[in-house]
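Chain residues, written in single-letter form:
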Amino acid sequence: MTDIIKTADLVDSNDAEVRFCEMQWKSYGRRKGFHGEIVTLKTFEDNRLLRATLEENGTGKVLVVDGAGSLRCALVGDQIAALGQANGWQGLLINGAIRDSADIDAMDFCVMALGQAPKKSGKTGHGARDVPLVFGNVEFRTGAYLYADADGVLVADGPVHPVD
C-alpha cells in the first residue's frame, strides 16, 4: 500500500483541481486513508457485484460504492474487506453500511462508510458498474482519482499529488 496523502495539503496546493465530498465518513481499519484510480459501483442492499469486483486485481484502484446511503444492511463485512485487501485494492468508500467493524479495524486496510449494521445484504447481483455516481455534492467517475483520509474525501480528474 502507498503512503497516505493528506487531503488538507492537497486542497492547499490544488484547490481548483479537487472537489470535496460534503459527507462525514467513518473510517475502519488500521490504515487511515487511501488514494487511487476510481472504479464505481451502484447497488442497493446487495453486494454480489461488489464481491465480484473485489475479486479482480485492484492495484492502484479504489472502489466507490453508492449504496444509496442505506444503513438497513451492510454491503461490506470482514470477508469482503479481506478480499479487497488481498487483491491489492487501495481502499473502499461505501455510501452505506459495513459490518464486522471490529474485525475490519484489525486489518491493514481502510474502508470508509457511513456506519455499521449487523444484517447482511442480498446476493442477487443487482447493480451497475462503471457508472457515474453523485453523492455528497460531488460526482465520482471510473478513471478519476480519489484521495481519502481522516479529514475527508477529494476527487480529481487525475492524480494531483507529487509522484516520486
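Reading guide: rules and limits
- Residues numbered from 1 in each chain as written.
- Predicted model: local features only at pLDDT ≥ 70, side-chain atom pairs only at ≥ 80, totals over all residues.
- Heavy atoms only, no water.
- UniProt positions renumbered as here; feature names shortened; annotations may be inferred.
- Helix = DSSP H or I, 4+ residues; strand = E, 2+ residues; numbered from the N terminus.
- Contact = heavy atoms within 4.5 Å.
- 1 Å grid on protein atoms, 1.4 Å probe; cavity = no way out; pocket = protein on both sides within 12 Å on 5 of 7 lines; lining within 4 Å.

**Looking at the UniProt feature "binding site: Mg(2+)" (unreviewed entry) in the protein**
Within this numbering scheme, the UniProt entry marks Asp100 as carrying the feature "binding site: Mg(2+)" (unreviewed entry). As for its placement among the helices and strands, Asp100 is situated in the loop between β6 (91–98) and α4 (101–105). In this structure Asp100 touches Gly77 and Asp78, once residues within four positions along its chain are discounted.

**Focus on the UniProt feature "binding site: substrate" (unreviewed entry) in the protein**
UniProt annotation of "binding site: substrate" (unreviewed entry) refers to Gly77, Asp78, Gln79, Ile80 and Arg99 when read in the numbering used here. A maximum C-alpha distance of 10.2 Å among these annotated residues, which run over 23 residues, shows that they cluster at one spot. Put simply, the named residues that line the largest pocket are Gly77, Asp78, Gln79, Ile80 and Arg99. With respect to the helices and strands, the residue Gly77 is situated in the loop between β5 (74–76) and α3 (78–86). Ignoring anything within four residues of it in the chain, the contact list for Gly77 reads Arg99, Asp100 and Ile104. Note on placement: Arg99 falls in the loop between β6 and α4.

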